[in-house]
Amino acid sequence: MASREIAGVTVEFDDDNFMADHTAWNEAIAAELANEEGIETLTDRHIEIVQYFRNEFESIGTAPSIRKLNKSGVVPTKELYQLFPGGPAKKAARIAGLKKPQGCV
Amino acid sequence: MTDQTPEPIKKVSIICAKGGLDEVYPALIMANGARMEGMEASIFFTFFGLNAIMKKMVKNLKVATVGNPSLNLAMPMMKMPVTMPFPTIMGAIPGVSNLATWMMKNEMENLDIPEVDEFLEMISDSGGHIYACKLAMDMFKLEKDDLVDSVEAVLTVGEFYEKSAGASIIFI
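Residues numbered from 1 in each chain as written. Chains lettered and ligands numbered in written order. Predicted model: local features only at pLDDT ≥ 70, side-chain atom pairs only at ≥ 80, totals over all residues. Heavy atoms only, no water.

1. Some remarks on the packing of aromatic side chains
When we look at a pair of aromatic rings, we describe it by the centre distance and by the angle of the planes. In the structure shown here, the tally under the stated rule is 4 aromatic pairs over all chains. Pairing Tyr25 of chain B with Phe119 of chain B gives two aromatic rings, centres 6.3 Å apart and planes at 55°, and the pair type is tilted. Of the two residues, Tyr25 of chain B sits in helix α1 (residues 21–36) while Phe119 of chain B sits in helix α4 (residues 116–125), which places them 94 residues apart along the sequence. Taken as a pair, Tyr25 of chain B and Phe119 of chain B share a single burial class, namely buried. Aromatic side chains Phe160 of chain B and Tyr161 of chain B sit 5.7 Å apart centroid to centroid with 45° between the ring planes, which places their arrangement in the tilted category. Over the aromatic face of Phe13 of chain A sits the side chain of Arg4 of chain A, whose NZ or CZ is 4.1 Å from the ring centroid. (Phe/Tyr/Trp six-rings, centres within 6.5 Å; stacked < 30°, edge-to-face > 60°. Helix = DSSP H or I, 4+ residues; strand = E, 2+ residues; numbered from the N terminus. Buried < 20%, exposed > 50% of the residue type's maximum accessible area, 1.4 Å probe, protein only. Lys NZ or Arg CZ within 6 Å of the ring centre and 35° of its normal.)

2. Overview of helix α5 (residues 88–95) of chain A
Residues and elements named next belong to chain A. A large share of α5 lies buried, amounting to 7 of its 8 residues. Within α5, the full set of buried residues consists of Pro88, Ala89, Lys91, Ala92, Ala93, Arg94 and Ile95. Of the residues one or two after α5, Gly97 is the one with positive phi, at around 80°.

3. What to know about α1 of chain B
Residues and elements named next belong to chain B. With 16 residues, α1 should reach 22 Å at 1.5 Å per residue; the first-to-last C-alpha distance of 22 Å fits that figure. Those residues of α1 that fall on the buried side of the exposure criterion are Leu21, Val24, Tyr25, Ala27, Leu28, Ala31, Asn32, Gly33, Ala34, Arg35 and Met36. Two residues or fewer after α1 comes Gly38, characterised by a positive phi angle close to 85°. (Expected span 1.5 Å × (residues − 1).)

4. Brief notes about the sheet that holds strand β5 (residues 168–171) of chain B
Residue and element names in this part refer to chain B. In space, the 5 strands of this open sheet follow the order β4-β3-β2-β1-β5, with parallel pairing throughout. Strand pairing shows two members of the sheet lacking a second neighbour, β4 (153–155) and β5, which therefore form its edges. Mean inter-strand twist for the sheet, computed between neighbouring axes without regard to direction, equals 25°. (Pairing = 2+ DSSP bridges. Axes fitted to C-alpha atoms, helices over the stretch in contact; angles between N-to-C directions.)

5. Notes on the pairing of strand β2 (residues 9–13) of chain A
All names here are of chain A. The pairing of strand β1 (residues 2–6) with β2 spans 5 bridges and is classified as antiparallel. What sits directly across from Arg4, in β2, is Val11. Hairpin connection of β1 to β2: 2 residues between the antiparallel strands, including Ala7 at a positive phi of 50°.

6. What about the interface of chain B and chain A?
The parts lose accessible area when they come together, and the size of an interface is often stated as this lost area. The interface of chain B with chain A comprises 16 residues on the first partner and 14 residues on the second. Among the residues of chain B in contact with chain A, Met36, Asp112 and Asp125 of chain B are the three that bury the most area, contributing 43% of the side total. At the surface where chain B touches chain A, the tally comes to 5 salt bridges. Applying the counting criterion to the chain B and chain A interface returns 5 residue pairs in polar contact (both at pLDDT 80 or more). Of all the elements in the fold, those that place two or more residues in the side of chain B that touches chain A are α1 and α4 of chain B. The residue inventory of the side of chain B that touches chain A, partitioned by class, reads 6 nonpolar, 4 polar and 6 charged. (Contact = heavy atoms within 4.5 Å. Buried area = accessible area lost by both parts, 1.4 Å probe. Salt bridge = Lys/Arg side-chain N within 4 Å of Asp/Glu carboxyl O. Polar contact = N/O pair within 3.5 Å; in protein donor to acceptor, adjacent residues only side chain to side chain. Nonpolar A, V, L, I, M, F, W, Y, C, P; charged D, E, K, R; others polar.)

Structure below.
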């Protein structure tokens, strides 16, 4: 656990460097986290997906799988990998202020 | 003594040489998992592994119930102890392999793991590479047209090694 300042507020991060409390999240924080993940600008499309991650997390307690994102028509797998290059499920969850996803697929 | 952290794996090349459902899934899961971690990944299907990428077979892969000493792991599903071997004679009864296959598919679906054809597509869409072995294709008299669309290319062993430069190779 470590706290640091991000987007003008103090935010707590867990040992995996994911936000400890997803309710402390806002879009400004998301933009900073995206920068840390190598995503320069968070587009509306990024935000849309990140919001879906948050809604899913709030309703089922876990981030959605890549398969679900594809099947439910939220974002095709190809596009997801383009938007969040190098580990989309983990990156999107981190930018969404959620815990590190636990699934293997 | 150096205490440098080891280099993270950047690339994996998986060889899948067997075509049972329980033998194909590990290759798919490992390749997909690698892509999810941002690693490059490819699967080279060879010998009986070709079953997994054949249009006619991709939906028909089975769990072998004869000569499969590890099936004891399925015993708890039948309310039996896990240490109990799956009776070979039972495995030979028509329909038992289908049942075991159905059970495995069911469990996989519960874990949000797609069926083989969908999984291959998912890996291909994620930027992973699906290859078929030329030698094995020749041996079984198969053409590229017999293979599902997610197969990127038919490669010789040499070409496969070339594409695997810098990769960790996993044989399944």
